[in-house]
Amino acid sequence: MTAKTEIWQGTLALMILKTLDALGPLHGYGIARRIEQTSGDLLSLNYGTLYPSLLKLEQEGWIVSEWGVSENNRKAKFYKLTRSGRKQLEREAKEWNQTTAIVARFFAPQEEHS
Amino acid sequence: MRKLRALLLRLKGLFSKNDDFADELESHLQMHIDDNIRAGMSPQDARRDALMKLGGLDQTKEAYRDRATIPFLESLVQDLRFTLRQLRKNPAFTITATTMIALGIGASVAIFAFVDAALIKPLPYQNPSRLLFVTESNRDIPHAAISYFDYLDWKKQNRVFDSMDVYGPRGFAVNTSAGAEMVPGARTSDGFFRTLGVTPVLGRDFYQGEDLPEAPQTVILSYASWQKRFGGKSDVIGQSVTLYEVPYTIIGVLPQNFHFAPLENAEFWTTLHPALHLAGTCDARRSCHYLNGLARLKEGVSAEAALADLKRIAKDLEAQYPDSNRDQGATVAPLSEIIVGDVKPILLLLLGGVGLLLLIACINVASLLLVRSETRRRELSVRRALGATRTRLIRQFVIEGLVIVAVGTIAGLVSSYWAMQILNGLIPKDMMVGMPYFDDLGLNPRVLMFALVLAGFATALFSLSPALRLSTLDVREGMAEGARGSAGKAWTRIGSKLVILELTTAMVLLVGAGLLAKSFHRLLQVDTNFETRNLVTMRLRAPLSTYGEDPQAVALQRNLVAEIRTLPGVSSVALADTLPVNFNGNTDWIRFVGRAYGGEHNEVNQRGVSSDYFTTLQANLLRGRMFTDAEDQSKPQVVVINQTLAKKYFPGEDPVGQRFGDTQLTPKSIKEIVGIVDDIREGPLESEIWPAYYYSLNQQPDITYWVVARTSQAEQSVMPALADAIHRIDSRITVSYMTTMTARINESPTVYLRRSSTWLVGGFAAVALLLGVVGLYGVIAYSVSQRTREIGVRIALGAQRGTVYRLILKEAGVLALAGIVIGTGCAIVAASLMRKLLFGTPPWDITTLVCVAVVLGVSALLASFLPARRAASVDPISALRAE
């Protein structure tokens, strides 16, 4: 079994927002599958941990939810990015890029030597 | 902002059931299972895999719930629900505990409201702590008033005051549509309000020099007077009002919250206008002391320094005016002391008393809680064993304490409102005008804060005591209900002592209340030697300008009697310069004609009455005759004496026909005794009878006197007609203090003092009794819970139920007896200390002591009966199986 990376605290919310931004309204299961796929199955994700995060995002007003019907005719709750959620995503994405860029600089010289 | 929104949503989540999420999870699983089956799994494997990927159904739900609500709060709500259930299951405990707290907090808050109104709330003046009450002093009187000229010198020569002013009371006759009325007022120097730091809300203050004889007469109205007499109209400024037949211009209205207790409820504030042109008037003499001083200290000057400076001036004045200012010193006191000095010790004593009651109440409730925690040992041990943390269990107790205290405090606040009304009602109206600061009594923020502090203290006590007990709780031991720790025994010992103390307190207070009630009853039974029922009394004052001469005054007196007598409902009427059951005093020094005289002071009460006085009062004539209406200034002076005078000065002689006069036997003063009347009580009910003589008002007329009317129907129904009849004769006659004789007696200081102290001590006693009894119950019940096993063994070994009853009742009886015995001793000592308040009742009054002991004994028996019954009904099998 390949060692899978545990998901980092705080990044899950960002992944959810990005997923909703990319795919539009989606239910919890769909988001979970999408995150797993996007990570190329490198992430070990307990689907259940997604729901408290979705609730938190909803409480903070970044997303809204609504009952609907899935592609397989199942009743499902769909989540949708709000306008403020989209702005939040932009902010967080920017921060994320900055952070990774900074961290990347620390590692760049080492790569040259190797 | 976002965080707050989230928090609110989570708070909301506390109270809503979230079934939505179960549906969402279900649909999630279904979709996953569908996918898995499509991928070729068997339905069973598909479901297992879906659940595994989810990470467990319950874990997910719990994680979701933690986010949907606030976990800490949620368990708090659970504890609260649990507490409420527990309390509802135990109504006896709940009601007892909350009633205790309500009583304790209600009484404390009510008394504190009075303390706050009198002592904490600042006086409605600018920087009131810098204000001094300033007077002269002499050898006999520490606070002697200031004379006008001394005031002028003090004001000019002192180096310690920013300003100094004087004031004095003054009543005014005011003409109203219903006839003339006596209205309380004041005369002050020009800067009085500036010194206080009070500005009129309407109009202006007195300007400098407005208090001089040549200044125009002006008046400032009190707010209440403005509302009552002038309808609160702002065009009142500049209007004229006639006071004592002199027109005054209204120049201002005082603020609504303004009060000045030394001048009671003065309505018209006028300036001094000393009558300096009339030699011999009080104003014109340096030796006539009638003003009180008010001064504002200069910055940085102490009251002591001010006193020293005033004494220096007084010394100078003494040297300058040796006649009038001999031995005239000076005194100062903080103004607040003059205003609230009298009530301060009483209020603090009461506050101490209710504080003590509250403490006892809290200890009682704490002991009840302990009893409960004892019976809940098992429950707590089980919870502990199942993994409840100690904090969680302690929190349970804190919440329980909080709920009891919260309910008790709310009930206490409501009852304190009533208590305040009752206490306020205990203060008679004419005392109340001297305490205007009690007018806006109520639950203001400071009082509520005080209640909150008390509640916090009580909560701490209640959560702490079972929590401390909990810390000694051994899980295994508790579940086995096995041997008791020593802590239980220690509490029983302390508790017993506390209960004895509580019962002793209750005994002392009950005896006090009993003795006071008995004194009160005895006092009202005192024979006044006249019929006090169906008598209306009122004070009249006729204008000097019309009735200043004797013939006019006599004619008015006769007119009044004749007019009032014809009124329906009035059977007879008389006039008197002083009412009976009032005071001994207004005396004369007499000397008997034809007897040796060594200059001794034969001091006797002298009373001027109209001819029908004795028949109207229904007093007994013992010898001789009463006055006739025809006896006026044209006839020789005659008097009627009371029995005490006859006995004291004419032992074994017939006084009728004898004569006496003043110490010089001036011919004008010689009077002949024509009759002896039974001792009409002139002084207060409790005082002894003084010798007295009555002269005829027809022979020495007056323009101020009391009217005494005997009614043949309810007194109240006649009163309006009486005032009308008087005003028909002359509308400028003022009528004041109209009331009934019985009301006068009930409101008289001696009666009032005993009535109010009976109620006050009685109230305290009732609460103390209740607390003592509940305390006893708590201790005995606790002891029974501790001894359940022992009692079980006894019953198993053949002890009868009756024996068990005796066992428990004996334990309670010993405590009650100790309380009663010690209490009796203390009560006698306490009663001796308040002997002055007792009347016709010795401090060791046996009936009171026995009655109180019986009441206390029976209550104690009732309180211990409940736990005794529980002990007797112990099932030996279950008690022993608990091993």
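In the block above lies the structure referred to throughout.
The sections below set out a description of the structure shown in this document. (Residues numbered from 1 in each chain as written. Chains lettered and ligands numbered in written order. Predicted model: local features only at pLDDT ≥ 70, side-chain atom pairs only at ≥ 80, totals over all residues. Heavy atoms only, no water.)

1. Regarding the overall build of chain B
Right, on to step 1. Scanning chain B from terminus to terminus reveals 29 helices and 21 strands.
Right, on to step 2. Over its C-alpha trace chain B gives a radius of gyration of 39 Å, far above what one expects of a compact globule, namely 29 Å for 883 residues.
Right, on to step 3. When the backbone C-alpha atoms are referred to their principal axes, chain B occupies close to 135 × 75 × 60 Å.
Right, on to step 4. Per-residue burial for chain B yields a buried fraction of 49% across its 883 residues.
Right, on to step 5. Expressed as a percentage of contacts within chain B between residues at least 6 apart in sequence, the contacts between residues at least 24 apart total 80%.
Right, on to step 6. With an accessible surface of roughly 40,800 Å², chain B has 60% of that area assigned to carbon and sulfur atoms.
Right, on to step 7. Distance between charge centroids for chain B: 10 Å, based on 92 positive and 83 negative side chains. (Helix = DSSP H or I, 4+ residues; strand = E, 2+ residues; numbered from the N terminus. Rg over C-alpha atoms; globule rule 2.2 N^0.38 Å. Buried < 20%, exposed > 50% of the residue type's maximum accessible area, 1.4 Å probe, protein only. Contact = heavy atoms within 4.5 Å. Areas by Shrake-Rupley, 256 points an atom, 1.4 Å probe, with all protein chains shown as cover. Lys, Arg positive; Asp, Glu negative; His and termini not counted. Charge placed at Lys NZ, Arg CZ, Asp CG, Glu CD.)

2. Some words on the environment of Gln618(B)
Right, on to step 1. With respect to the element layout, Gln618(B) can be found in the loop between α21 (613–617) and β15 (621–624).
Right, on to step 2. The sequence separation of Gln618(B) and Glu531(B) amounts to 87 residues, and the corresponding C-alpha distance is 6.0 Å.

3. Things to note about the pattern of salt bridges
Residues and elements named next belong to chain B.
Right, on to step 1. Per the stated rule, a full pass over the model turns up 38 salt bridges over all chains.
Right, on to step 2. Put simply, Arg558 and Asp632 hold a salt bridge, and the shortest N to O gap is 3.5 Å. Highlighted residues: Arg558 in helix α20 (residues 550–565) and Asp632 in the loop between β15 and β16 (638–642), separated in sequence by 74 residues.
Right, on to step 3. According to the relative accessible area criterion, Arg558 is partly exposed, its value standing at 29%.
Right, on to step 4. Bridged by salt links that share partners, the residues Glu181, Lys228, Arg229 and Glu267 form one connected network. (Salt bridge = Lys/Arg side-chain N within 4 Å of Asp/Glu carboxyl O.)

4. Focus on the packing of aromatic side chains
Right, on to step 1. Enumeration over the complete set of coordinates arrives at 34 aromatic pairs over all chains.
Right, on to step 2. Taken together, the ring pairs in this structure connect Tyr125(B), Tyr167(B), Phe192(B), Phe193(B), Phe206(B), Phe258(B), Phe260(B) and Trp269(B) into an aromatic cluster.
Right, on to step 3. Over the aromatic face of Trp67(A) sits the side chain of Lys75(A), whose NZ or CZ is 4.6 Å from the ring centroid.
Right, on to step 4. Just above the ring of Tyr321(B) sits the side chain of Arg286(B); from NZ or CZ to the centre is 3.7 Å. (Phe/Tyr/Trp six-rings, centres within 6.5 Å; stacked < 30°, edge-to-face > 60°. Lys NZ or Arg CZ within 6 Å of the ring centre and 35° of its normal.)

5. Observations regarding the sheet that holds strand β2 (residues 26–27) of chain A
Residue and element names in this part refer to chain A.
Right, on to step 1. One open sheet accounts for three strands, arranged β2-β5-β4; its pairing is antiparallel. Each having just a single partner strand, β2 and β4 (63–69) make up the two edges of the open sheet.
Right, on to step 2. Looking at chain direction, β2 and strand β5 (residues 75–81) are connected through two bridges and run antiparallel. Bridge pairing in β5 links Leu26 to Tyr79.
Right, on to step 3. Along the sheet, helix α3 (residues 50–59) makes contact with β4 and β5, crossing β4 at roughly 120 degrees. (Pairing = 2+ DSSP bridges. Axes fitted to C-alpha atoms, helices over the stretch in contact; angles between N-to-C directions.)

6. Details of the interface of chain A and chain B
Right, on to step 1. Opposite the 27 residues of chain A that make contact, chain B presents 28 residues.
Right, on to step 2. Contact between chain A and chain B buries roughly 2,500 Å² in total, counting both sides, with carbon and sulfur atoms accounting for 53%.
Right, on to step 3. On the chain A side of the interface with chain B, the three residues burying the most area are Tyr29(A), Tyr51(A) and Gln59(A), jointly 28% of the side's total.
Right, on to step 4. One can count five salt bridges joining chain A with chain B.
Right, on to step 5. Among the salt bridges present, the one from Glu36(A) reaches Lys53(B), with a minimum N-O distance of 2.5 Å.
Right, on to step 6. Here chain A is connected to chain B by 11 residue pairs in polar contact (both at pLDDT 80 or more). (Buried area = accessible area lost by both parts, 1.4 Å probe. Polar contact = N/O pair within 3.5 Å; in protein donor to acceptor, adjacent residues only side chain to side chain.)

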